[in-house]
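Notes for the structure review
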Amino acid sequence: MDDLLQHFIVEARELVQQATDSLLALERDPAGSAHLDSAFRAVHTLKGSVGLFDFAPMGLALHAAEDLLGSLRDGRGAMGGEAIDSLLECIGQSERWVDAIERTGHLPAGAAEEGYRIARVLRAQLDEGSADAAPTVPAADLAWIEELKAACPDPAALRSGDTPLVAIRYTPRADCFFAGDDPVALLRSVPDLIAVRLSNRDPWPPAGEIDPFACNLQVEALSGAALDAVKAVFRFVPDQVTLQEAARGAPGDAHGMRQDSAAAGPSPDPAGGASARMLRVDAARIDRLADLVGEMVVAKNALAHLAAQGADGMDGKSLVQGLQASQAVIDRLVAEMHGAIMDVRMMPMRDIFRRFPRAVREIAGPLGKTIDFSMEGEDVEADKSVVEGLFEPLLHVLRNAIGHGAEPENLRQEAGKPAGARVVLRARRDGDRVLVEVEDDGRGIDPGAIRRVARERGLASGDGIDGMSDEEVIGLIFAPGFSTASEVTELSGRGVGMDAVRSSIERLGGQIGVRSRLGRGTTIRLSLPLTIVMTKVMAVRVGGELYGLPLDGIVETAFVPSARILPVQEAEAFVLRDRTLPLVRLASLLEIPRAPDKGAAVKVVVMAVGDELVGIAVDGFAERMDVLMRPMDGILAGMPGVMGTTLLGDGSVLMILDVPELIG
Amino acid sequence: MTVRLEGHAILLEGQCRVEDAEPLLGWLQADRSRIVDLSAAEHLHAAVLQILMALKPSIRGEGKDSFLRDWITPSLITTDLPDGEPNDG
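Residue indices follow the written sequence of each chain, beginning from 1 at its first position. Lettering of chains starts at A and numbering of ligands starts at 1, both following the order in which they are written. Predicted model: local features are reported for residues with pLDDT of at least 70 only, side-chain atom pairs are reported and counted for 80 or more only, and whole-chain, interface and lining totals are derived from all residues.

We now examine the overall build of chain B. Going along the chain from the N terminus, every DSSP run of H or I of four or more residues is numbered as a helix, and every run of E of two or more is numbered as a strand. Secondary structure summary: chain B contains three helices and six strands in total. Seen in sequence order, chain B has helices and strands lined up from the N terminus as β-β-β-α-β-β-α-β-α. Backbone-placed C-beta atoms define the burial measure: a residue is buried with 20 or more other C-beta atoms within 10 Å of its own, exposed with 12 or fewer, and partly exposed in between. With 89 residues in all, chain B has 43% of them scored as buried. By definition, residue pairs are in contact when their C-beta atoms, positioned from the backbone, come within 7 Å. Taking all contacts inside chain B whose residues are at least 6 apart in sequence as the whole, residues at least 24 apart take part in 53%.

The next subject is the overall build of chain A. Along chain A, the regular secondary structure elements total 21 helices and 24 strands. Taking all 664 residues of chain A together, 34% fall into the buried category. Counting only contacts in chain A whose residues sit at least 6 apart along the sequence, the fraction spanning at least 24 positions is 69%.

Right, let's get into the interface of chain B and chain A. Taken together, the contact between chain B and chain A spans 32 residues of the former and 35 residues of the latter. If you list the elements that add at least two residues to the side of chain B that touches chain A, you get helix H1 (21-30), helix H2 (46-55) and helix H3 (66-77) of chain B. Residues are sorted three ways: Asp, Glu, Lys and Arg are charged, Ala, Val, Leu, Ile, Met, Phe, Trp, Tyr, Cys and Pro are nonpolar, and all the rest, Gly among them, are polar. Split by residue class, the side of chain B that touches chain A holds 20 nonpolar, eight polar and four charged.

In regions of low pLDDT, the predicted coordinates are not meant to be interpreted in detail. Residues and elements named next belong to chain A. pLDDT measures the predictor's confidence residue by residue and takes values from 0 up to 100. The predicted model of chain A has a mean per-residue pLDDT of 79, with 86% of residues at 70 or higher. Counting contacts from residues 129-140, a segment whose pLDDT is below 50, to residues more than four positions away or on other chains yields 17 contacts. Contacts for the low-pLDDT stretch residues 484-496, under 50 throughout, to residues beyond four places or in other chains number 34 contacts.

Right, let's talk about the UniProt feature "modified residue: Phosphohistidine" (unreviewed entry) in chain A for a bit. UniProt's entry tags His44(A) with the feature "modified residue: Phosphohistidine" (unreviewed entry), counted in the numbering of this structure. Summarising the element assignment, His44(A) is placed in helix H2 (residues 33-50). UniProt positions are given in the numbering used here, feature names are shortened, and annotations may be inferred rather than shown by experiment.

All names here are of chain A. Helix H14 (residues 384-405) packs onto helix H13 (residues 356-367) with a crossing angle of 35 degrees between their chain directions and a minimal axis gap of 10 Å. Considering how the two elements wind past one another, H13 and H14 form a crossing that is right-handed. Within the contact between the two elements, H13 uses Phe356, Ala359, Val360, Ile363, Ala364 and Leu367 and H14 uses Leu395, Leu398, Arg399, Ile402 and Gly403. Here an axis means a line fitted to C-alpha atoms, over the contact stretch when the element is a helix, while the angle between two N-to-C directions is reported on a 0 to 180 degree scale. Each crossing gets its hand from how the near helix is turned against the far one by less than a right angle, where anticlockwise is left-handed and clockwise is right-handed.

This next bit is on the pairing of strand S18 (residues 579-585) of chain A. Residues and elements named next belong to chain A. Sheet topology note: the strand S17 (residues 571-576)/S18 ladder contains five bridges and is antiparallel. When the sheet's bridge partners are listed, Leu576 is paired in S18 with Arg579. For two strands to count as paired, DSSP must find a minimum of two bridges between them. Pairing geometry for S18 and strand S20 (residues 612-618), over three bridges, is parallel. Bridge pairing in S20 links Arg585 to Ala617.

This part is about the sheet that holds strand S4 (residues 35-37) of chain B. The strands making up a sheet associate through backbone hydrogen bonding, with each pair oriented either parallel or antiparallel. Residues and elements named next belong to chain B. Read across the sheet, four strands follow the order S1-S2-S4-S6 without closing on themselves; strand pairing throughout is mixed. What marks the edges here is a single partner per strand, and that holds for strand S1 (3-6) and strand S6 (58-60). Across this sheet, the average inter-strand angle for adjacent strands is 25 degrees, counted without regard to direction. When S4 meets S6, the two strands line up parallel, connected through three bridges. The residue bridging Asp37 from the neighbouring strand is Arg60, located in S6.

What follows is about the nonpolar core. By size, the foremost hydrophobic cluster in this structure holds 113 residues, and its most contacted members are Leu398(A), Leu12(B) and Val48(B). Counting residues per element, this core draws most heavily on H14(A), at ten residues. Residue ranges for the domains originate in an automatic or database domain assignment. Each of two domains, domain 2 (143-259) and domain 4 (350-529) of chain A, supplies a minimum of three residues to this core. For Leu12(B), the contacting residues outside a window of four places in its chain are Thr2(B), Val3(B), Asp20(B), Val36(B), Asp37(B), Leu38(B), Ala41(B), Leu44(B) and Val48(B). By convention the nonpolar core is taken to be a set of buried residues drawn from Ala, Val, Leu, Ile, Met, Phe, Trp, Tyr and Cys and joined through C-beta atoms within 7 Å.

All names here are of chain A. Taken in spatial order, the six strands of this open sheet run S15-S19-S20-S18-S17-S16, and their pairing is mixed. The two strands at the open ends of the sheet, each matched to only one other strand, are strand S15 (554-561) and strand S16 (565-568). Taken pair by pair, the neighbouring strands of this sheet meet at an average axis angle of 35 degrees, ignoring direction. Of the pairings in the sheet, the one linking S15 to strand S19 (residues 601-609) comprises seven bridges and is antiparallel in character. Each residue of the ladder has a partner; that of Phe559, found in S19, is Lys603.

As structure tokens, then:
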């Protein structure tokens, strides 16, 4: 991707954000001309940037938005909720287009129709609602339906029956698992399936970077059932599915198709995905880093000078003193550079928080709830990976607060609460951790209901549940497989939820907790480390167990033929490229029974221990990984030979060994 | 648990849920040659399915349930998925 396009993407995101913030502010305060000006400027600039590239449909939509904003600014139009809605729709679509451009370099298929549609809706507002603002039916791209027909395992089924077929294209949102959706279960409930094609929405990431909680599927299917029956299956995800009637018959005679979908095209995550982004860094931080590099050059020159003096016959004592002084300077500089580079990675919570007001509006809208949403602590900083990793879990927590926590207005008024539910998102620094809270003043969690569900699902024994305090019972919402089905809404709570949030937070090295008072509200509290320091380890297998060895101590791995292992008194040694290295069996170090040597070769990890190389015999090599290492604490703190532990994907614990200490 | 490791094979059994995706991913990442056995599977959550689609392990069995056999496992066994090849990194 060329530089210009990269800058465009960064700038476009900021302008989209500015426009969104201004439009939301305008909705609260319709008289605020500063907000209108700001929105107009953002859209105007964005339209200008779009013009530099071949993104005509996006330009068309934004141009219409600019004209509408311009006429509102000149007092020629009335600012109503409808205008705000259509402007936000245009901005939201622009944001999705920017995401698509970042992924693929161009606008997605169907953008032309969509841009035209948005422009028409906006222009209809401009003409004071005289024109029909209903979405036009785009001439959809029908090739995929033909391909589906071709893939049908039973072509006879394509012809039998008189009603048209229904073609389904379902692109689940990336965060749909957090909402409890299971696209496969939805597909299963489609009546009379005739053909199915499963594919990936975006190219799969490398195996090591797959996020099991981000849905990347696209499901296409043909059904012989009536359109309404198919529609009913997807009633909870109308924004993610396109349904089309297609004529029966063999592939090729694709006449008489008719689109039936309110939403044109699939829409990915409305608030933007968590893809890798460019990092915007405060110039002062880069300057500091540059200063440090400058000092490092000076320190290096001093070392060169010292080397020259040594060559000229400087006496040993002065040379050692000079070296020690030089080493102390370099030590300090390296530590400062490390600190500076960690600083560069720090980003404020604002970068994700600013996307929530619109998300809250989009969640609350369909539920008919009024939410008084506020945020605190946007300036609190944490490592980029922590901040970005928080977006989806927080979105889900907010969704729960709005969907489950906030009561309908009439119930709130009966309880003497203000009509709009208050939801506060708050971040603050606490020592070397960041606390993030989502607090609502809604109905709270009923420990009685949790007890009942926990018993029904067998999450704990009856006695166990009776013995738990209310707080402990409420904590069960994070247990795998828990969901209060009695609270099912169209929005959230269908299936898993909080346990997925908990695993995401734990993967960031954080903890999650809940406090709730029935009738008074719920607070979900996340505590996260400010920075994540990943350690590279290589996993090895010994006696059926996995252990981690820090990669920085490993020189190489080798297969040593058993015949080349030489007993040396009590110990063993082997020759590797003309060097004799001691061989140590990891099983003996760990004092576990040693498996007999299988095959003709022994697997050896060659590690640097002090100044020497040592071969460590293991039963097998496993993969290398970046892990979040937790130091040993509590009663295990004094355990020799173990540097720390980490949690593996399957929930098991990997011990990371300190080999020099083990050999000791 | 509806997912478990038995020797060189990963067994998916019964109603596989979203929680099963993470251990499945971990085991496959650790050893890409492991076989995934679907013989006793009655349902695969989409999160589990997409791990299988992304990593394309060898599959044994085609599911205990007709929906899986007809519509889901065929796309795991045929190698030519339409959009984009997975990137093994």
